[in-house]
Amino acid sequence: VEASIPEPQREAWLKHQVDGFKDKDGFERDVVRHVETTLARSMFNCDESAAYSACSLAFRDRLILEWNRTQQRQTFTDSKRLYYLSLEFLMGRALDNAMLNIGQKDLAKAGLADLGFRIEDIIEQEHDAALGNGGLGRLAACFLDSLASLNYPAWGYGLRYRYGIFKQEIIDGYQVEVPDYWLDFNPWEFPRHDVTVDIQFYGHVNKSTDESGKTIAHWEGGETVKAVAYDVPIPGYATPSTNNLRLWSSKAASGEFDFQKFNSGEYESSVADQQRAETISAVLYPNDNLERGKELRLKQQYFWVAASLYDIVRRFKKSKRAWKEFPDQVAIQLNDTHPTLAIVELQRILVDLEGLEWDEAWNIVVNTFGYTNHTVLPEALEKWSVGLIQHLLPRHLQIIYDINLFFLQTVERAFPGDRDLLRRVSIIEEGQSKMIRMAFLAIVGSHKVNGVAELHSDLIKTTIFKDFVTVFGPDKFTNVTNGITPRRWLHQANPRLSELIASKVGSNDFLTDLTLLNKIELSVNDPAFRKEWAEIKLANKLRLAKHIKASTGVTVSPDALFDVQVKRIHEYKRQQLNIFGVIHRYLTLKALSPEERKKALPRVSIFGGKAAPGYWMAKQIIHLINSVGNVINNDADIGDLLKVVFLEDYNVSKAEIITPASDISEHISTAGTEASGTSNMKFVLNGGLIIGTCDGANIEITREIGEDNIFLFGNLAEDVEDLRHSHTYGSHTINPDLAKVFETIEKGTFGDTQDFSGMITAVRDHGDFYLVSDDFQSYVETQGVIDEAYRDQEGWITKCITSVARMGFFSSDRCINEYAEGIWNIEPLAVDKSDGVKKGE
Ligand code: AZC
């Protein structure tokens, strides 16, 4: 690194090299300095928000120094890098994570105390970075943590939305969406006003011929928007490696509004261009597992993909290597199909701008990209109309047609005469309006395609991508089961449990090698260990009970079984099955004599999650949950035996409070619909058990922790199709207990019946696509089994400890290592851990 400084200046530079704070004193000095200079405040008006800002800036200073060193190391070793392209990064808060990963939380705690602040209050000041919808975005965030912690040379690329996912308020039982402006003061980003890329849209294509007779395409005209880079440092745990997340923000290409128009009095139109440009990165689309084909969304995709590729190619070109070495230096992973245009853009760069032959370029492209599929739900599979692409990206449309032509020619050669196969695998879907099937384009343009859990990876091979297995053979398709970072989801969210585990493992090493958790199984019968385990769970439940009281006004007993379902609201995730089950429990309790009732096991049903603003049914589900809670929570017959709460605005920070406090969490999707799920892993890792269907990663969790430690129910994926068929063509009878639940709702027990009729008719009259009725009995019975298991507290604790001990597989570190070896072909960089000042805490 030193060698990078020219000899004559080296001494001066080295002499003045800055370093982050080294001790408590240094930390306090940095905080005070930032309060007084960066924030221009003083001791007398330094409130918690200013203290948060100054503390974050002190940590940011350290991160950026490590970031610099990491980038230099990567440049000098010139090793292959991974670029993770994701339209969503659901990061949550950064300060707590940075303090823990750098290993300075204790120091900061003491320093802040000296300055008059409680660290918990300071951490609470931070606004979540909520640039994602749900599982897909949070997975990307866990991956960044693992990539940095494992010292992989890797960058994330995304969009810097001015508004992340909306803030959810519950008003009179209904969801209300409020914009979430989070950028007022964001100490974690570095604007790079010198790193910009001009992005072109619209226009037309001209062709010319060069001396050799080769045709060259020129994309001309249209409009240009400027992409500005904002860098977010990503600290690894217990390592100096600090990676980069680069988020692009859109600006008018001129940078200014039109002064001529302004001077001539056209005030409004003078700023219109500027506003139109800035709209591109203004807001995250709030749909989870749903695509709506909006032009602005396509603009976002191309804007982000083109800026990122320009950056990647610019970096590669500096190395002066031959183009054919590109895939040896660059791996690009497509997080779902959202960045699929990157395949087309790279081909365009290589052919139109760099003059490579089509085949040579295409080889490079395919060897560079990998594609991860996250869903088999048809409504989530992206398709863009040919007309829209033609309008916005005329040259890209031509390239897509050529990619498709050459692909179909190879298929035709291998399967001569199979016209229907050609039709089925074509990237262009023929029909009323022609559509581009983005998943097909991603498959054709990548060297590996992976699903996110075993069942899901099998399903994509046998259903949606079946024909591509025929065409390419099975080796192109692989599985990488999802994982979660134990740093945030155990160490940060549940510090006492993490500490207890460390006392048994002998060190914090399980945070970097999660398989070491298995050592705690030796202590499963140790009374002191079990006692502390139970105390920690109770303390976590108390904390959540306080949060519930503060946010809903409902008092819940921490002695009750906490039953949690928090995730995006979706029919396939079946929150309706849960709430119907709650109503059934309520009816059962009501039917008991007061004497018998006393013997029932108290439960708190906790729900949380956002509904996409345009998803009517999901909003009705939220309304029903709140309406049911309203009745049950105020029913004197029931008291503490059953409480139902809906926690508003579920997000990463709330998950950090909720996850450690659950006894049972629900992962009850219709079999075959949830690709993996990742909160299932988080709950088990925090000593909660789960009720679930044989779906997604539930299956592998069962394999790891053992069937005795999980409550499975319901029909299997292989039976779903027949059941659906029988609903439509056979006689469809509703489970009698569920019918009673429907009667109760329709009687008006929970208020307005009109509102809830859609949820009922979906099951009763419209074919019950999600098999709510088919699984109802099995679900209710299994909830009964859970009640009995929970009464045996000793048996329960044994299950919890055993499960945690066996969760090592689900670290995102394992997952990233699998990608690195099987798909990206990248190696970690050697780092001298004493070189930096970082040590995990
Ligand atoms: C989600 C899947 O629904 C979830 O099962 C999985 O755990 C997660 O991705 C991470 O792989 N998918 C999405 O959020 N969205 C889309 C478009 O698939």
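The protein carries the name Alpha-1,4 glucan phosphorylase in an unreviewed UniProt entry, which gives Podospora didyma as its organism. You can read under Sequence similarities (unreviewed entry) in the UniProt record for the protein the words "Belongs to the glycogen phosphorylase family." On record in UniProt, under Cofactor (unreviewed entry), the comment for the protein is "pyridoxal 5'-phosphate".

Observations concerning the sheet that holds strand S14 (residues 383-385)
An order of S14-S16-S15 is seen for the three strands of this open sheet, with the pairing classed as antiparallel. Single-partner strands in this sheet number two, and they are S14 and strand S15 (428-429). Two elements, S15 and strand S16 (residues 435-437), share two bridges in a ladder whose sense is antiparallel. Across the sheet, the residue bridging to Ile428 is Ile436, located in S16.

Quick look at the site of the ligand
Near the ligand, the surroundings consist of 18 residues, among which Gly135, Leu136, His374, Thr375 and Ser676 are the closest. Split into classes, the residues belonging to the shell around the ligand amount to five nonpolar, ten polar and three charged. Split by domain, the shell around the ligand shows at least three residues from each of two domains, domain 2 (78-93 + 128-479) and domain 3 (561-793).

Thoughts on the domain arrangement of the protein
Along its sequence, the protein is organised into domain 1 (1-77 + 94-127), domain 2 (78-93 + 128-479) and domain 3 (561-793). Centre-to-centre, using C-alpha coordinates, domain 2 lies 36 Å away from domain 3. With 35 residues of domain 2 at the interface, the matching set in domain 3 holds 32 residues. Elements with a contribution of two residues or more to the side of domain 2 that touches domain 3: strand S2 (89-92), helix H7 (135-149), strand S5 (167-171), strand S6 (174-178) and helix H18 (454-462). A per-class count over the side of domain 2 that touches domain 3 returns 14 nonpolar, 13 polar and eight charged.

Things to note about the nonpolar core
Counting 228 residues, the largest nonpolar core has Cys55 and Phe303 as the members making the most contacts within it. Non-local contacts of Cys55, meaning those with residues more than four positions away in its chain, are made with Val31, Leu95, Ala108, Leu112 and Ile122.

Quick look at the sheet that holds strand S1 (residues 81-85)
Ordered in space as S7-S10-S11-S4-S1-S12-S13-S17-S18, the nine strands form an open sheet in which the pairing is mixed. Edge positions in the sheet fall to strand S7 (190-201) and strand S18 (477-479), since each has one partner strand and no second. The mean inter-strand angle of the sheet, taken between neighbouring strand axes irrespective of direction, is 25°. With five bridges connecting them, S1 and strand S12 (residues 330-335) associate as parallel partners. Looking at the pairing, Tyr84 lines up with Gln333 of S12. Here H18 sits on the sheet in contact with strand S17 (448-451) and S18, set at roughly 165° to S18.

Topic: the pairing of strand S20 (residues 603-608)
Buried residues dominate S20, accounting for six of its six residues. Residues Arg603, Ser605 and Phe607 line one face of S20 and the alternating positions Val604, Ile606 and Gly608 line the opposite face, and both faces are buried. Both strand S19 (residues 561-566) and S20 contribute to a ladder of six bridges, which runs parallel. Bridge pairing links Val566 to Gly608 in S20. As paired strands, S20 and strand S21 (residues 642-647) are joined by six bridges and run parallel to one another. In the sheet register, Ser605 faces S21, and the bridge partner there is Val644. The parallel pair S20 and S21 is bridged by helix H25 (residues 616-632), and the resulting crossover is right-handed.

Reading the values: rules and limits
Residues numbered from 1 in each chain as written. Predicted model: local features only at pLDDT ≥ 70, side-chain atom pairs only at ≥ 80, totals over all residues. UniProt positions renumbered as here; feature names shortened; annotations may be inferred. Pairing = 2+ DSSP bridges. Helix = DSSP H or I, 4+ residues; strand = E, 2+ residues; numbered from the N terminus. Near = placed C-beta within 6 Å. Nonpolar A, V, L, I, M, F, W, Y, C, P; charged D, E, K, R; others polar. Domains from an automatic or database assignment. Contact = placed C-beta atoms within 7 Å. Core = buried A, V, L, I, M, F, W, Y, C linked by C-beta atoms within 7 Å. Buried ≥ 20, exposed ≤ 12 C-beta atoms within 10 Å, placed from the backbone. Axes fitted to C-alpha atoms, helices over the stretch in contact; angles between N-to-C directions. Right-handed = clockwise from strand over helix to strand, strands pointing away.

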